[in-house]
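Each chain is listed here by its residues.
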Amino acid sequence: MVTTHPNGEHTRSAREKGDRGQVAIEYLGFLPLLLLVAMGAIQLGLAAYAANQAGTAARAGARTAASVDARGSGQSNARDAVSDWVESGGFRYDESGGQDITVTVEVKVPSVVPGLDGWWAKRSATMPNERSPF
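The structure displayed is predicted, hence computed values, not measured ones.

Attention now goes to the packing of aromatic side chains. This structure, assessed with the given rule, holds one aromatic pair. Seen in terms of ring centroids, Tyr49 and Trp85 are 5.6 Å apart; in terms of plane orientation they differ by 5°. Their pairing is stacked. In this pair, Tyr49 sits in helix H2 (residues 22-66) while Trp85 sits in helix H4 (residues 84-87), placing the two residues 36 residues apart along the sequence. Owing to a relative accessible area of 30%, Tyr49 belongs among the partly exposed residues under this scheme. Look at Trp85 and you get partly exposed, because its relative accessible area is 47%. Over the ring of Trp120 we find Arg92; its NZ or CZ atom is 3.7 Å from the centre of that ring.

Take the side chain of Gln53 next. If you trace the backbone, Gln53 turns up in helix H2. Among the polar contacts made by the side chain of Gln53, one reaches the main-chain amide nitrogen of Ser83 at a distance of 2.6 Å. Those residues in contact with Gln53 that sit more than four places away from it in its chain are Ala81, Val82 and Ser83.

Time to look at the nonpolar core. Ranked by size, the top nonpolar core spans 16 residues in total, and within it Ala57, Ala78, Phe91, Tyr93, Val103, Val105 and Val107 carry the most contacts. Secondary structure elements with two or more residues in this core: H2, strand S3 (91-97) and strand S4 (100-108). If one sorts the elements of this core by residue count, H2 sits on top with six residues. When sequence neighbours within four positions are dropped, the list of residues in contact with Ala57 reads Ala78, Ala81, Val82, Phe91 and Val105.

Another aspect to go through is the pattern of salt bridges. Scanning the model with the defined rule gives one salt bridge in all. One salt bridge in this structure joins Arg92 and Glu106, with 3.5 Å as the shortest N-O distance. Of this pair, Arg92 sits in strand S3 while Glu106 is found in strand S4, placing the two residues 14 residues apart along the sequence.

Our focus in this paragraph is the sheet that holds strand S5 (residues 120-128). Taken together, three strands build an open sheet; the order of strands is S3-S4-S5 and the sheet is antiparallel. Since the sheet does not close on itself, it has two edges, and those belong to S3 and S5, each with one partner. Averaged over all pairs of adjacent strands, the angle between strand axes in this sheet comes to 15°, irrespective of strand direction. As judged from the seven bridges shared by S3 and S4, these two strands associate in the antiparallel manner. Along S4, the bridge assignment pairs Phe91 with Val107. Against the sheet, H2 touches S3, S4 and S5, its axis set at about 30° to S5.

Another aspect to go through is a nonpolar patch on the surface. A surface patch of nonpolar side chains, about 600 Å² in accessible area, is lined by Tyr27, Phe30, Leu33, Leu34, Leu36 and Val37. Take Tyr27: it is sitting in helix H2. Exposure remark for Tyr27: the relative accessible area of 48% places this residue in the partly exposed category.

Secondary-structure assignment places Gln43 in helix H2. Here Gln43 falls in the buried class, since its relative accessible area comes to 3%. Beyond its immediate sequence surroundings of up to four residues, Gln43 is in contact with Val109, Pro110, Ser111, Val112, Val113 and Leu116.

Basis of the calculations
Residues numbered from 1 in each chain as written. Predicted model: local features only at pLDDT ≥ 70, side-chain atom pairs only at ≥ 80, totals over all residues. Heavy atoms only, no water. Phe/Tyr/Trp six-rings, centres within 6.5 Å; stacked < 30°, edge-to-face > 60°. Helix = DSSP H or I, 4+ residues; strand = E, 2+ residues; numbered from the N terminus. Buried < 20%, exposed > 50% of the residue type's maximum accessible area, 1.4 Å probe, protein only. Lys NZ or Arg CZ within 6 Å of the ring centre and 35° of its normal. Polar contact = N/O pair within 3.5 Å; in protein donor to acceptor, adjacent residues only side chain to side chain. Contact = heavy atoms within 4.5 Å. Core = buried A, V, L, I, M, F, W, Y, C linked by side-chain atoms within 4.5 Å. Salt bridge = Lys/Arg side-chain N within 4 Å of Asp/Glu carboxyl O. Pairing = 2+ DSSP bridges. Axes fitted to C-alpha atoms, helices over the stretch in contact; angles between N-to-C directions. Patch = residues over 30% accessible without salt bridge, like charges linked within 9 Å, V, L, I, M, F, W, Y side chains within 5 Å. Areas by Shrake-Rupley, 256 points an atom, 1.4 Å probe, with all protein chains shown as cover.

See below:
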């Protein structure tokens, strides 16, 4: 509470003087939690992006492997469909099938949260084999 004296001076109560800086201290205590939540949100975004990249690569690989007139191999086209910074973390390719070609691609999810490395995003795509006699 601000008190005005007869001479025009304004003074604060002793209680108000003791509360100075309290908000800053509370904010500093809450800051690690905010940073952890932000890093978790970024990590979830990276996981979704890696899963999207794996799906794109699987479709490109299956399309190439199943096509009669495709250029390059399914694996090379799948690798080309993935961003370089995602691929550099880890890339796995598997192709199988006869009448239908199934390609499975796994991409390692980049980590910004310590201790959460080792996640792999796995996606598969199946295309009809144009080379199949059936």
